[in-house]
Amino acid sequence: MLYKFCFSFICTFFVNIAYSAEPILTWKLMPLAVDANEGIDVADFNGDGKLDVVAGRFWYQNPDFRPRPLRNFEDVRGYVESNGDFAYDVDADGVMDVIAGGFFATQVNWYKNPGPEGLRLGHQWEQHLLLDTEESQNEGQLLQDLNGDGKPEWIVNTWAKDAPIYIYEMITVEKTVQVMEGGQKKLVQQSQPALRKNLVGMRGNGHGLGVGDIDGDTYPDLLLGHGWYQNPGKDCLKTTWKYHNDWQIHGSVPMLVFDVNNDGKNDVLVGEAHAHGLYWWENRGPKDGTVHFEKHLIDDQTSQLHALHLADLTGDGKPELITGKRYFAHNGGDPGAKEPIEVVYFEIDPKTGSFKRHLVHQGRAGIGLQIRTADIDGNGHIDIAVAGKSGTHILFNQGPKSQ
């Protein structure tokens, strides 16, 4: 893969190289489904205090995790129309709903939790349109708060380089709907959830998406495949963002913003989405009106590192970097596509800026477009939930080998 970096981006491949290490944690694999869905999230959907899993067509109730109906979608060109599941109480009724998008579908829908009785009876979740974005090349999505108002924004990445960049704001709108009252049909005004499109800029799109403060002004910036946009502040959805054309990559969704070496400046973690390679870009501070990065290789053993995630797996109070191979990301056309699928994590040493590689699983479970972590089984250790073309799985963290 050929990279093009601007003058502010210096590459180095000779320090901080990861190395393999024997696993220090033990894991128990639980397969939930064999399908091609690539979205997943974790939340308590039935209000029993236990964390459940949602992944595409089904939700899985803790503790048996048998598939229960949620929604339907189409298979298109080797992919299913499901590349992101997000648990969120859309209608603020106290129970978790699901927001979901697809690769080629232009609509973003939310699915209303049918409540205890509907869940018990296996009812499908009622589908509601949030917005027809009119954008049909959707690589992946994030749901994150960019303006600090406590409500997340919907952010969609596209592989089309010439596509505009939008941020979608969660709002409510008044709509006229037909209801039955006293056995008669009646038109009434109701408040309904919706998304409002806000233009960020016309340049910079392409494969890769991330959110985080990389310029140190406390406001989360927007990272894309071809550079980044500087968040203008608390009114960011009402004003222009400054574009920095500092890199061209075919990056992971998400790219992560994290202070690797504990120097007070946020760095960037990024995987090769459709080839081998995992990197961290060291933030060297401001230079020539932008942020100066130095590129370091972490690992090049695994291909198609399409999603990254940070979580404290070892219980030492510091997050580990979790990733893995996205099985058949381009239906077998990527470098390393036929190599074994696996899930891995890396210990991060902030003193040296180095990474230590550990294998979680190889052979059956890979990643899709999202990685979720939580103590799902309540044993005090953080587990990993993944969904991809090799199926939906929970990797239960059993703790250190000595236990």
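In this text the structure is predicted, and so the values were computed from the model without any measurement.

Taken in spatial order, the four strands make up an open sheet running E15-E16-E17-E18, and their pairing is antiparallel. Both edges of this open sheet fall to strand E15 (140-144) and strand E18 (184-201), since each of them pairs with a single strand only. Each strand of the sheet is rotated relative to its neighbour by a mean of 30°, with strand direction disregarded. Across five bridges, the pairing between E15 and strand E16 (residues 153-157) is antiparallel. Along E16, the bridge assignment pairs glutamine 144 with glutamate 153.

Before going further, it helps to spend a moment on the sheet that holds strand E8 (residues 67-69). Sheets are built from strands paired through backbone hydrogen bonds, the pairs being either parallel or antiparallel. Spatially, four strands are ordered E5-E6-E7-E8 in an open sheet, and the strand pairing comes out antiparallel. The sheet terminates laterally at strand E5 (41-43) and E8, the two strands that pair on one side only. On average, each strand axis in the sheet is tilted by 30° relative to the strand beside it, whichever way the strands run.

Counting residues in hydrophobic clusters, the biggest one holds 16 residues, and the most contacted among them are Leu146, Ile155, Leu209, Leu222, Tyr229 and Trp241. Contributions of two or more residues to this core are made by strand E17 (165-181), strand E19 (209-212) and strand E20 (221-224).

A word on the packing of aromatic side chains. The description of an aromatic ring pair uses the distance of the two centres, along with the angle that the planes make with each other. Using the criterion set out here, one finds 16 aromatic pairs in the structure. Each ring, one from tryptophan 247 and one from phenylalanine 293, has its centre 5.9 Å from the other, and the planes form 70°; the classification is edge-to-face. Taken as a pair, tryptophan 247 in strand E23 (residues 247-248) and phenylalanine 293 in strand E27 (residues 290-303) lie far apart in primary sequence, 46 residues in all. Here tryptophan 247 and phenylalanine 293 have matching classes, each one buried. The lysine or arginine in question, arginine 68, covers the ring of tryptophan 59, its NZ or CZ lying 5.9 Å from the ring centre. For the cation-ring pair, lysine 197 lies above tyrosine 166, with the distance from its terminal atom to the ring centre recorded as 4.5 Å.

This part is about the pattern of salt bridges. Scanning the entire structure with this criterion turns up 17 salt bridges. Between glutamate 181 and lysine 186 there is a salt bridge; the shortest N-O distance is 3.5 Å. On the basis of relative accessibility, which here comes to 42%, the residue lysine 186 falls in the partly exposed class. Between glutamate 342 and arginine 357 there is a salt bridge; the shortest N-O distance is 2.7 Å. Within this pair, whereas glutamate 342 is found in strand E30 (residues 342-349), its partner arginine 357 is found in strand E31 (residues 354-362), the two being separated by 15 residues in sequence. For glutamate 342, a relative accessible area of 6% corresponds to the buried category.

Parameters and conventions
- Residues numbered from 1 in each chain as written.
- Predicted model: local features only at pLDDT ≥ 70, side-chain atom pairs only at ≥ 80, totals over all residues.
- Heavy atoms only, no water.
- Pairing = 2+ DSSP bridges.
- Helix = DSSP H or I, 4+ residues; strand = E, 2+ residues; numbered from the N terminus.
- Axes fitted to C-alpha atoms, helices over the stretch in contact; angles between N-to-C directions.
- Core = buried A, V, L, I, M, F, W, Y, C linked by side-chain atoms within 4.5 Å.
- Buried < 20%, exposed > 50% of the residue type's maximum accessible area, 1.4 Å probe, protein only.
- Phe/Tyr/Trp six-rings, centres within 6.5 Å; stacked < 30°, edge-to-face > 60°.
- Lys NZ or Arg CZ within 6 Å of the ring centre and 35° of its normal.
- Salt bridge = Lys/Arg side-chain N within 4 Å of Asp/Glu carboxyl O.

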